Amino acid sequence: MEENKKKQKKLQVVEFVLVFVLSGIIAVTGSFCYGRGMDQIIRNVVMVMLGTGVVLFALKASEMSELYFYPNAGNYTNFSFFYLLALVAAVLFPLLPVAGWPYLVVFVVLSLFSNSISGLAAGSVCLMLSIVLEADGSYSEFFLFFFSGLAGIMVFNRLNENFKVGLPIFISLICLMVCLGANVMLFEQEKFNLSQLLIAAFNLMLTFILLLIILKIFSNRVVHKDRDKYMELNDPECPLLVQLKEKSKEEYYHAVHTAYLSDKIARSLGLDDAAAKAVGYYHRIGQLKGENTWENVEAICEEYHFPQNARKILREYVDPSKPMVSKESIVILFSDCIVSSILYLFSKDAKAKLDYQQIVDTVFRKKMENGELWQNEITLAQLQEMRKIFIEEKLYYDFLR
């Protein structure tokens, strides 16, 4: 496992070096094709490579500071591809009228496949290259696309599983239209004409189409990329769960019940229900390798390619050195404790009539008193909603006999 991590780090270094070198080559080629002098070529190459260095630093700094909203940390292949493609496009854009540059798409796609700060830095490098290669580039053109791109980044930085993109697309296009009107259509040729309007309309239409294409790619590769894996892991007949069942039927059924409750509560609270259900199934899976330590659980996660969020929640739950920060970890904690309490009481007397509400209230009181919730993000309102759902599951608890 350590060897795999070292190998991934080496590949990442190679990827970063390749992006850094290729960015310089693109800047040299573009400057040469536009007939720039040696001093301008040197300036362009230095600025693009310096900007690329800033972008790469932002990627790693964001990873260390956990500033990624989407699961992009540590996986930069998609970003590297789109960044190099954007640099090539930046070389070609000066061939078009300024009002036709689709830079909103560039800023949005680079931020979606990295994060806000890295996407803003990368988009600015590309925009700078286009401006310096244009015959009469100006600061107003830079700010036109910089601020419209910034607006695009802000409205697209919080897409969830529902993937509602209509409003972000509408807002970003309105911002682009306003910026085009204020910076290009009012001042180019010092008067309004039909050609300016047609070019701006073409830009808006092209941007809209490209955004739809990019968002589809982003949905498949990032937002929903773990969907199929979760379907596999959350199948009760998953080979890993079959192994657990063969080792211990008690542990298997305990996992099934914990996963059911975790899934239901996570859905009700609007959390990552697929990850919560998976962790409900596998929070004791380390027993397949002996003790249920984080080292054993992590080895299984690597072997079966668990999604990143499921690994994070599993570590919070299994590793005593890690505080439970995510709300999903608390959902699993209560589900596990309530299932364990009921199973324990039924093991003493299978025909016992249990007061399920009292059991739920006791578990909640103890967890509130021992301070396990102090560092978590969950709210009192969500805890109350959890308690209500647990109490309503009285009929289900009878299946635990």
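Look up a bit, the structure's there.
Undergrad: Sorry, what's going on with the side chain of Ser62 here?
TA: Here Ser62 is to be found in helix H2 (residues 38–64). Relative accessible area serves as the criterion here: at 3%, Ser62 is assigned to the buried category.

Undergrad: Hey, could you run me through a nonpolar patch on the surface in this one?
TA: A contiguous nonpolar patch, built from Met38, Ile42, Val46, Met47, Leu50 and Val54 and spanning about 580 Å² of accessible area, is present on the exposed surface. Inspection of the secondary structure puts Ile42 in helix H2. A relative accessible area of 48% means that Ile42 is categorised as partly exposed.

Undergrad: Teacher, can you tell me more about the environment of Gln8 here?
TA: Topologically, Gln8 is positioned in helix H1 (residues 2–33). You can call Gln8 exposed: its relative accessible area is 51%. For the pair formed by Gln8 and Asn75, sequence separation is 67 residues and the distance between their alpha carbons is 9.4 Å.

Undergrad: I keep staring at helix H12 (residues 273–282) and nothing clicks. Help me out?
TA: Side chains of residues three or four places apart in an α-helix project in the same direction, reflecting 3.6 residues per turn. Taken across its 10 residues, H12 has 7 buried, putting it largely inside the fold. Taken residue by residue, H12 has Ala275, Ala276, Ala278, Val279, Gly280, Tyr281 and Tyr282 as its buried positions. In the core, the buried residues of H12 are packed alongside helix H9 (227–233), helix H10 (239–247), helix H11 (249–269), helix H14 (308–318) and helix H15 (327–348).

Undergrad: Explain the pattern of salt bridges to me, please; I cannot follow it from the model alone.
TA: Side-chain pairs of opposite charge can arise whenever the charged atoms involved come near each other. All told, the structure shown has 10 salt bridges when counted by the stated rule. One salt bridge connects Asp273 with Arg267, and the closest N-O pair in it is separated by 3.6 Å. As a salt-bridge pair, Arg311 and Glu302 come within 2.8 Å of each other at their nearest N and O atoms. Considered together, Arg311 and Glu302 belong to a single accessibility category, that of buried residues. A cluster of three or more residues bridged by salt bridges with shared partners is formed by Glu251, Arg284 and Asp336.

Undergrad: Mind showing me how you'd approach the nonpolar core here?
TA: Inside soluble globular proteins, nonpolar side chains tend to come together where they are buried. Tyr83, Leu87, Tyr103, Leu110, Leu112 and Cys126 are the most contacted members of the largest nonpolar core, which has 64 residues in total. Membership of the second largest hydrophobic core comes to 58 residues, among which are Leu240, Ala278, Val360 and Phe364.

Undergrad: What am I meant to see in the packing of aromatic side chains here?
TA: When we look at a pair of aromatic rings, we describe it by the centre distance and by the angle of the planes. A full pass over the atoms with the stated rule returns 22 aromatic pairs. Here the aromatic rings of Tyr252 and Tyr253 are separated by 5.1 Å at their centres, their planes lie at 75 degrees, and the arrangement is edge-to-face. Where Tyr282 meets Phe306, the ring centres are 5.2 Å apart and the plane angle is 75 degrees; that geometry is what we call edge-to-face. With Tyr282 in helix H12 and Phe306 in the loop between helix H13 (294–304) and H14, this pair connects stretches of sequence that are 24 residues apart. Here Tyr282 and Phe306 have matching classes, each one buried. Put simply, the rings of Phe93, Trp101, Tyr103, Phe107 and Phe145 touch in pairs and so form one group of aromatic residues.

Undergrad: Is there a simple way to think about the packing of H11 against H12 in this case?
TA: When two helices pack together, you describe them by how their axes are tilted relative to each other and by the distance separating the axes. At a closest axis distance of 7 Å, the pairing of H11 and H12 adopts a crossing angle of 160 degrees. What the angle tells us is that H11 and H12 run roughly antiparallel. Helix-helix and strand crossings are classified by hand; for H11 and H12 the assignment is right-handed. Within the contact between the two elements, H11 uses Ala255, Val256, Thr258, Ala259, Ser262, Asp263, Ala266 and Arg267 and H12 uses Asp273, Ala276, Lys277, Gly280 and Tyr281. Looking at side-chain class alone, the contact of H11 with H12 contains 6 nonpolar, 3 polar and 4 charged residues.

Undergrad: What exactly am I supposed to notice about the environment of Cys238 here?
TA: Checked against the element boundaries, Cys238 lands in the loop between H9 and H10. Setting aside chain neighbours within four positions, we find Cys238 in contact with Glu232, Leu233 and Tyr282.

The rules behind these values
- Residues numbered from 1 in each chain as written.
- Predicted model: local features only at pLDDT ≥ 70, side-chain atom pairs only at ≥ 80, totals over all residues.
- Heavy atoms only, no water.
- Helix = DSSP H or I, 4+ residues; strand = E, 2+ residues; numbered from the N terminus.
- Buried < 20%, exposed > 50% of the residue type's maximum accessible area, 1.4 Å probe, protein only.
- Patch = residues over 30% accessible without salt bridge, like charges linked within 9 Å, V, L, I, M, F, W, Y side chains within 5 Å.
- Areas by Shrake-Rupley, 256 points an atom, 1.4 Å probe, with all protein chains shown as cover.
- Salt bridge = Lys/Arg side-chain N within 4 Å of Asp/Glu carboxyl O.
- Contact = heavy atoms within 4.5 Å.
- Core = buried A, V, L, I, M, F, W, Y, C linked by side-chain atoms within 4.5 Å.
- Phe/Tyr/Trp six-rings, centres within 6.5 Å; stacked < 30°, edge-to-face > 60°.
- Axes fitted to C-alpha atoms, helices over the stretch in contact; angles between N-to-C directions.
- Parallel < 35°, antiparallel > 145°, perpendicular 65-115°, else oblique.
- Left-handed = near helix turned anticlockwise from the far one by under 90°.
- Nonpolar A, V, L, I, M, F, W, Y, C, P; charged D, E, K, R; others polar.

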